[in-house]
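Residue-level listing of the chains:
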Amino acid sequence: MTGAKWEREQALVQKILEKAPYAEGRVRRERRIEFKVPADRIRDFLMTLKENNFELMLQITVVDWLKEGEYELVYQMWSITHRTHAMVKTRIPRELDKARMPTVKDIYPVAETYERDAHDFYGVYFEGNEKMEMPWILDDAEQGLFPHRKDFDMLAYVKKKYKILDRFDENKDNYVI
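Below you will find a few notes about this structure.

Basis of the calculations
- Residues numbered from 1 in each chain as written.
- Predicted model: local features only at pLDDT ≥ 70, side-chain atom pairs only at ≥ 80, totals over all residues.
- Heavy atoms only, no water.
- Helix = DSSP H or I, 4+ residues; strand = E, 2+ residues; numbered from the N terminus.
- Areas by Shrake-Rupley, 256 points an atom, 1.4 Å probe, with all protein chains shown as cover.
- Salt bridge = Lys/Arg side-chain N within 4 Å of Asp/Glu carboxyl O.
- Buried < 20%, exposed > 50% of the residue type's maximum accessible area, 1.4 Å probe, protein only.
- Pairing = 2+ DSSP bridges.
- Core = buried A, V, L, I, M, F, W, Y, C linked by side-chain atoms within 4.5 Å.
- Contact = heavy atoms within 4.5 Å.
- Expected span 1.5 Å × (residues − 1).
- Arc of directions from axis to C-beta.

A word on the overall build of the protein
1) Next: Tallying secondary structure elements over the protein gives four helices and nine strands in all.
2) Next: Starting at the N terminus and ending at the C terminus, the protein contains elements arranged as α-β-β-α-β-β-β-β-α-β-α-β-β.
3) Next: About 10,200 Å² of surface is accessible on the protein, with carbon and sulfur atoms providing 51% of the total.

Some words on the pattern of salt bridges
1) Next: As enumerated under the stated definition, the model contains 16 salt bridges in all.
2) Next: Between E34 and R28 there is a salt bridge, and its shortest N-O distance comes to 2.7 Å.
3) Next: For E34, a relative accessible area of 5% puts it in the buried group.
4) Next: Among the salt bridges present, the one from D120 reaches R116, with a minimum N-O distance of 3.1 Å. Placement of the pair is D120 and R116 together in helix α3 (residues 111-122), with a separation of four residues, close to one helical turn. Pair check on accessibility: D120 and R116 agree, each one buried.

Quick notes on the pairing of strand β3 (residues 56-65)
1) Next: Taken together, the nine bridges between β3 and strand β4 (residues 70-79) define a ladder with antiparallel strand orientation. Opposite W65, over in β4, you have E70 as the bridge partner.
2) Next: As consecutive antiparallel partners, β3 and β4 are separated by four residues, and within that stretch G69 has a phi angle of approximately 70°, a positive value.

Some words on the nonpolar core
1) Next: With 39 residues, the main nonpolar core has F35 and Y75 as its most contacted residues.
2) Next: Within the residue set of this core, elements represented by two or more residues are α1 (7-19), β2 (32-36), α2 (42-51), β3, β4, β5 (84-93) and α3.
3) Next: When near neighbours in sequence (up to four residues on either side) are disregarded, Y75 contacts I42, L46, M57, Q59, I60, A86, M87, V88, T90, M101, V104 and F126.

Comments concerning α3
1) Next: The terminal C-alpha atoms of α3, which comprises twelve residues, lie 16 Å apart, in line with the 16 Å expected from a rise of 1.5 Å per residue.
2) Next: Buried residues of α3: A111, Y114, E115, R116, A118, H119, D120 and Y122, and no others.
3) Next: Next to the buried residues of α3 lie β3, β4, β6 (100-102) and β7 (125-127).
4) Next: Within two residues after α3, G123 carries a phi angle of roughly 90°, on the positive side.

Re the environment of I42
1) Next: Along the polypeptide, I42 turns up in helix α2.
2) Next: Residue classification places I42 among the buried positions, given a relative accessible area of 0%.
3) Next: C-alpha separation for the pair I42 and K89, spaced 47 residues apart in sequence, amounts to 9.0 Å.
4) Next: Leave out the neighbours within four places in its chain, and I42 touches V37, Y75, V88, T90, M101 and P102.

Here's the deal with α1
1) Next: Counted at 1.5 Å a residue, the expected span for α1 with its 13 residues is 18 Å, and the 19 Å between its end C-alpha atoms agrees.
2) Next: Those residues of α1 not exposed but buried are E9, L12, V13, I16 and L17. Buried residues of α1, viewed axially, fall in a sector of 130°; they line one side.
3) Next: Where the residues of α1 are buried, they touch β1 (24-29), β2, α2 and β5.

Structure follows, in structure tokens:
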């Protein structure tokens, strides 16, 4: 990127990286910046963003990189002051016993809900968030079933849960009415 078009965003990225040298940052396009942060520094980095007028957390999303054995957590942030969107990305192992992150709900209170969603759908556990319980989406007590993981077999779950094997074509795994 050259010229004056993204100078404001580039200056903002540089200002943040001066306070967080452990991170990588870049301008994606006008009003869009992106950072990659080590998982163990996510709290520090989000505090730095808040101190630099990123007032709002829009959401926390999870990308399941099944072949790479990792989850990518993407914290979507917005600055009213700078009118700029920041994506903060970090990666963690996807094994359920290792998919752990520190909570950031004390920095951005809305994170409590987003962390609960990441736990319910993917199994990411946020230490310090007392709302980490068995997922509410699956209404049975089976452990380790997280429906947005790429290796979750929804058809097998439905067949088992509702015992409707006779309503499925076993050769094609198609629903038969």
